[in-house]
Amino acid sequence: FPVTIVSIAHIVHGHTGTAMHDTQELPRDLREVEAEGTAYLVCAALGLPGLEYPRGYIQTWLQGRELTEKTARRIVSVADKIMKAGAVN
């Protein structure tokens, strides 16, 4: 996956530096799931290739657990923010 999109996802999710707020106690595995899931949706929406790789990566970070509704909502919300920020009028 384009590292830039994953990095942007981490930033918008608030996973980085002093910007960490409600995710401060979020375990690394869930931060990775959020960022990779967000990047997956953005890349899928843009029609970028390589979507098969992050599926396995996300599953590895989930460690057999189900994606919670809260995490899914955060992923979709941040993907939407990134897509809107990149929209050209």
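You'll find the structure just up there.
Worth saying up front: this structure is predicted, and the values here are computed from it rather than measured. Within each chain, residues carry numbers counting from 1 in the order of the written sequence. With the structure being a predicted model, the display of local features is reserved for residues of pLDDT at least 70 and the display and counting of side-chain atom pairs for 80 or more, all residues being used for whole-chain, interface and lining totals. Derived side-chain values reflect all non-hydrogen atoms in the structure, with water molecules and hydrogen atoms excluded from consideration.

**Points about unusual backbone geometry**
If you check the backbone angles, Gln63 has positive phi at about 55° while not being a glycine. Put simply, DSSP marks the helices as runs of H or I at least four residues long and the strands as runs of E at least two long, and each gets a number from the N terminus on. Secondary-structure assignment places Gln63 in the loop between helix 3 (52-62) and helix 4 (69-85).

**A few points about the environment of Arg74**
Structurally, the position occupied by Arg74 is in helix 4. In the structure, Arg74 is positioned 36 residues away from Thr38 in sequence and 8.5 Å away in space, judged by C-alpha atoms. By the criterion applied in these results, polar contacts are pairs of N or O atoms within 3.5 Å in which, for protein atoms, one can donate a hydrogen and the other can accept it, and in which residues neighboring in sequence qualify only through two side-chain atoms. Separated by 3.3 Å, the side chain of Arg74 and the backbone oxygen of His13 make a polar contact.

**Comments concerning the side chain of His13**
Structurally, His13 is set in helix 1 (residues 3-13). Note on classification: 1.4 Å probe, protein chains only; a residue is buried when its accessible area is under 20% of the maximum for its type, exposed when over 50%, partly exposed between these limits. A relative accessible area of 2% places His13 in the buried class. Within polar-contact distance, the side chain of His13 engages the side chain of Thr38 at 2.8 Å.

In short, the description is geometric, and any link to function would need to be established separately.
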